[in-house]
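Chain by chain, the residues run as shown.
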Amino acid sequence: MKGIILAGGKGTRLYPLTKITNKHLLPVGPFPMIYYPVLKLRQAGINDILIVTGKEDVGQFAQLLGNGSDFALNFTYRVQDKPGGIAEALFLGKNFVGNSPCTVILGDNLLEDDLTPFVQEFIKGNKKAKVLLKEVENPFGFGIAELKEQRIVAIEEKPLVPKSRYAVTGIYMYRPEVFEVIARLVPSTRGELEISDVNNYFIRTGELSHDILQGFWEDAGTLTAYYNVNELLQTANLFSNSLTRSL
């Protein structure tokens, strides 16, 4: 299993904090934000991690994280020249992933659950994609999964009338066939390759599975969410000493 952390984007929802700093380098609790997805992948036994970011920021990420030896990991970096969507950023990992499955995390997704059982179940199973869901109080601001008989039948982005309260988090697992799907995508009206189109393809083919997160999860991409997660992580111990001993 390979890991991919997507850490690009302009972070406009966090202005002015991100005027000169990539949002994934902002402090959250005692660590830079990027540490949290790194440590979650390591906790799940994923040692080879690709970090995708913009050309203006890749040097800062490399300076902070190095080659991964401080984390007992191996880091690789790829540059997304301009914003083109999550699926386009993921496609940059095609050669890195090779024939392995991969776990993808958006760098501003912070969570409490251990990913290990989800990863192991996906590796042992035969589905080609998995998404992790989280029940949220405000389902209007997320991609929402419609569930029938314990199965996702559709994902709708920011619905006016949500069909459930289960948000699709920025944590995905794919087999290498995902890159064939991305290669056939057509840009959306935003001019981007949408990850929801990828996931909806696997829904149509019956190859998407899901699990539901039970613990804390936050997309820290807005000012309100960023301040909330900072307050929580000042005191909450989301990582054991064994996870953070090398930091």
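Conventions and cut-offs
Residues numbered from 1 in each chain as written. Predicted model: local features only at pLDDT ≥ 70, side-chain atom pairs only at ≥ 80, totals over all residues. Heavy atoms only, no water. UniProt positions renumbered as here; feature names shortened; annotations may be inferred. Buried < 20%, exposed > 50% of the residue type's maximum accessible area, 1.4 Å probe, protein only. Helix = DSSP H or I, 4+ residues; strand = E, 2+ residues; numbered from the N terminus. Phe/Tyr/Trp six-rings, centres within 6.5 Å; stacked < 30°, edge-to-face > 60°. Lys NZ or Arg CZ within 6 Å of the ring centre and 35° of its normal. Salt bridge = Lys/Arg side-chain N within 4 Å of Asp/Glu carboxyl O. 1 Å grid on protein atoms, 1.4 Å probe; cavity = no way out; pocket = protein on both sides within 12 Å on 5 of 7 lines; lining within 4 Å. Points joined across faces, edges and corners; volume = space filled by probe spheres on them. Nonpolar A, V, L, I, M, F, W, Y, C, P; charged D, E, K, R; others polar. Contact = heavy atoms within 4.5 Å. Core = buried A, V, L, I, M, F, W, Y, C linked by side-chain atoms within 4.5 Å.

- The name given to the protein in an unreviewed UniProt entry is Glucose-1-phosphate thymidylyltransferase, with Effusibacillus lacus as the source organism.
- Of the protein, the UniProt comment under Catalytic activity (unreviewed entry) reads exactly: "dTTP + alpha-D-glucose 1-phosphate + H(+) = dTDP-alpha-D-glucose + diphosphate".

A short note on helix H1 (residues 35-43)
Inference 1: Most of H1 sits inside the fold, with eight of its nine residues counted as buried.
Inference 2: Here H1 has its buried residues at Tyr35, Tyr36, Pro37, Val38, Leu39, Lys40, Leu41 and Arg42.
Inference 3: Phi for glycine 45, located one or two positions after H1, is positive at around 80°.

With respect to the environment of proline 83
Inference 1: Examined against the element boundaries, proline 83 turns out to sit in the loop between strand E5 (74-80) and helix H3 (86-91).
Inference 2: Residues proline 83 and methionine 33 lie 50 residues apart in sequence; the distance between their C-alpha atoms is 20 Å.

A short note on the packing of aromatic side chains
Inference 1: Under the defined criterion, the tally for this structure stands at ten aromatic pairs.
Inference 2: Consider the rings of tyrosine 172 and tyrosine 174, whose centres lie 6.1 Å apart with planes at 20°: the pair is stacked.
Inference 3: Here tyrosine 172 falls in the buried class, since its relative accessible area comes to 5%.
Inference 4: Members of the aromatic cluster, joined through ring pairs, are Phe31, Tyr35, Tyr36, Phe71 and Phe75.
Inference 5: Between lysine 2 and the ring centre of phenylalanine 96, over which it is positioned, the NZ or CZ distance is 4.7 Å.
Inference 6: One Lys or Arg, arginine 175, reaches over the ring of phenylalanine 122 and ends 4.4 Å from the middle of that ring.

Concerning the pattern of salt bridges
Inference 1: Under the definition given, this model contains nine salt bridges.
Inference 2: Among the salt bridges present, the one from arginine 13 reaches aspartate 219, with a minimum N-O distance of 3.9 Å. Of this pair, arginine 13 sits in the loop between strand E1 (2-6) and strand E2 (27-28) while aspartate 219 sits in strand E13 (residues 217-219), and the two are 206 residues apart along the sequence.
Inference 3: For aspartate 219, a relative accessible area of 19% puts it in the buried group.
Inference 4: When salt bridges with common partners are traced through the structure, they connect Glu121, Lys130 and Asp211 into a single cluster.

Quick look at the layout of surface pockets
In this approach a probe as big as a water molecule rolls over the atoms, and the regions it shows empty are the leftover space.
Inference 1: What the largest pocket holds in volume is close to 1600 Å³.
Inference 2: Examining the composition of the lining of the largest pocket, we find that four residues originate from one element, strand E11 (residues 166-174), more than from any other.
Inference 3: For the lining of the largest pocket, the per-class residue count stands at 16 nonpolar, 20 polar and 14 charged.
Inference 4: Its boundaries defined by the atoms lining it, the second largest pocket holds a volume of some 270 Å³.
Inference 5: Gly9, Lys10, Asn22, Glu56 and Asp57 are, among the 19 residues lining the second largest pocket, the residues nearest its centre.

Let's talk about the environment of histidine 210
Inference 1: Its place among the elements puts histidine 210 in strand E12 (residues 208-212).
Inference 2: Contacts of histidine 210, omitting those with residues within four sequence positions, involve Lys130, Val131, Leu133, Leu147, Gln150, Arg151 and Ile152.

Remarks on the UniProt feature "domain: Nucleotidyl transferase" (unreviewed entry) in the protein
Inference 1: UniProt annotation of "domain: Nucleotidyl transferase" (unreviewed entry) refers to residues 2-234 when read in the numbering used here.
Inference 2: Annotated as 27% helix and 29% strand, the span residues 2-234 places its first and last C-alpha atoms 30 Å apart.

Notes on the nonpolar core
Inference 1: Counting 44 residues, the largest nonpolar core has Ile34, Leu110 and Leu115 as its most contacted members.
Inference 2: When contributions to this core are tallied by element, the ones reaching two or more residues are H1, strand E4 (48-54), helix H2 (58-65), strand E7 (109-111), helix H5 (116-124), E11 and helix H8 (223-233).
Inference 3: At five residues, the largest contribution of residues to this core is made by H1.
Inference 4: Aside from chain neighbours lying at most four places away, what touches isoleucine 34 is Ile5, Ala7, His24, Leu25, Phe61, Leu64 and Leu65.
Inference 5: Membership of the second largest hydrophobic core comes to 32 residues, among which are Ala87, Ala89, Ile195 and Leu208.

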